[in-house]
Amino acid sequence: MSFAPQFFTTAESLVDSLDKKLLVVLRDGRKIIGILRSYDQFANLVLQDSLERIYVGDAYGDIERGVFIIRGENVVLLGEIDCDIEDALPLRQLPIEDILQLQREEAEEKARKDKLRHHLLYKQGFSVDFADNDLY
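Residues numbered from 1 in each chain as written. Predicted model: local features only at pLDDT ≥ 70, side-chain atom pairs only at ≥ 80, totals over all residues. Heavy atoms only, no water.

Asks: Can you tell me about the overall build of the protein chain, naming the residues and giving the values?
Replies: Broken down by element type, the protein chain carries two helices and six strands. Starting at the N terminus and ending at the C terminus, the protein chain contains elements arranged as β-β-β-β-β-α-β-α. Counting the 136 residues in the protein chain, one finds 25% classified as buried. A separation threshold of at least 6 residues defines the contact pool for the protein chain, and within that pool the share at least 24 residues apart is 48%. (Helix = DSSP H or I, 4+ residues; strand = E, 2+ residues; numbered from the N terminus. Buried < 20%, exposed > 50% of the residue type's maximum accessible area, 1.4 Å probe, protein only. Contact = heavy atoms within 4.5 Å.)

Quick look at the structure:
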């Protein structure tokens, strides 16, 4: 008699990810990379040697964060990082100051385009929601 493998859909499914390098995407859009050291039944996570990675175009910058505790309700996505594939990606690492400047410029350009788009929609009679959201 053979049994089909069980797939867990609860926090228990994280047991295979312990002591592995993970990428965690948070509700506010931040991306945290670190080694999963612990978790609980609410999927609260403890990451060691973590860093916050900021992507702009084909470049990225890292901010060291150390031990990082993440409340489970803030996790949108998490996955194991394959170090071999990560090293082969066509991304270039820049100093964090440069990435933050590029990120500011990108945000300003997006705000300018959004303002123009909202103005055009408003002129056509559409109501535009200007409230910021948390990516939900």
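The structure having been displayed, the exposition proceeds.
Asks: Please set out the sheet that holds strand S4 (residues 59-70) residue by residue, giving values where relevant.
Replies: If you trace the six strands from one edge of the open sheet to the other, you get S5-S1-S2-S3-S4-S6, paired in mixed fashion. Taken across any chain shown, the strands that pair with only one partner, and hence form the sheet edges, are strand S5 (75-80) and strand S6 (92-93). The pairing of strand S1 (residues 21-26) with S5 spans five bridges and is classified as antiparallel. Of the residues in S5, the one forming a bridge with Val24 is Leu78. With respect to the sheet, helix H2 (residues 96-123) is in contact with strand S3 (45-56) and S4, its orientation differing from that of S3 by roughly 60°. (Pairing = 2+ DSSP bridges. Axes fitted to C-alpha atoms, helices over the stretch in contact; angles between N-to-C directions.)

Asks: Report on a nonpolar patch on the surface, specifying residues and quantitative values.
Replies: Together, Tyr55, Ile85, Leu89 and Leu91 make up an exposed nonpolar region whose accessible area comes to about 340 Å². Locating Ile85 in the fold gives a position in helix H1 (residues 83-88). (Patch = residues over 30% accessible without salt bridge, like charges linked within 9 Å, V, L, I, M, F, W, Y side chains within 5 Å. Areas by Shrake-Rupley, 256 points an atom, 1.4 Å probe, with all protein chains shown as cover. Salt bridge = Lys/Arg side-chain N within 4 Å of Asp/Glu carboxyl O.)

Asks: A description of the nonpolar core should follow, citing residues and the corresponding values.
Replies: In this structure, Leu14, Leu22, Val24, Leu26, Ile32, Leu36, Leu45, Leu47, Phe68 and Ile70 together form the largest nonpolar core, which totals 10 residues. Elements with a contribution of two residues or more to this core: S1, strand S2 (31-39), S3 and S4. Here the element with the most residues in this core is S1; it accounts for three residues. What Leu14 contacts, discounting residues up to four positions off in sequence, is Leu36, Tyr39, Leu45 and Leu78. Among the nonpolar cores identified, the runner-up in size contains six residues, and Ile54, Val56, Ile96 and Ile99 belong to it. (Core = buried A, V, L, I, M, F, W, Y, C linked by side-chain atoms within 4.5 Å.)

Asks: Kindly report on the layout of surface pockets, identifying the contributing residues and their values.
Replies: The calculated volume of the second largest pocket comes to roughly 290 Å³. Broken down by element, the residue count for the lining of the second largest pocket peaks at five residues, all from H2. Looking at side-chain class alone, the lining of the second largest pocket contains four nonpolar, two polar and six charged residues. (1 Å grid on protein atoms, 1.4 Å probe; cavity = no way out; pocket = protein on both sides within 12 Å on 5 of 7 lines; lining within 4 Å. Points joined across faces, edges and corners; volume = space filled by probe spheres on them. Nonpolar A, V, L, I, M, F, W, Y, C, P; charged D, E, K, R; others polar.)

Asks: Provide a residue-level description of the environment of Ile81, including the pertinent values.
Replies: Considering the arrangement of structural elements, one finds Ile81 in the loop between S5 and H1. Through-space distance from the C-alpha of Ile81 to that of Ile33 is 8.7 Å; in sequence the pair is 48 residues apart. With near-sequence residues (within four places) excluded, Ile81 lies in contact with Lys21, Leu22, Leu23, Ile33 and Glu86.

Asks: Can you tell me about the pattern of salt bridges, naming the residues and giving the values?
Replies: Pairing is possible between side chains that carry opposite charge, provided their charged atoms lie close to one another. Counted according to the given criterion, the structure contains 12 salt bridges. Of the charged contacts, one joins Arg92 and Asp58 as a salt bridge, the two residues approaching to 3.3 Å between their closest N and O atoms. Residue Arg92 is found in strand S6, and its partner Asp58 is found in the loop between S3 and S4; the two are separated by 34 residues along the sequence.

Everything listed is a geometric property; what it means functionally is a separate question.
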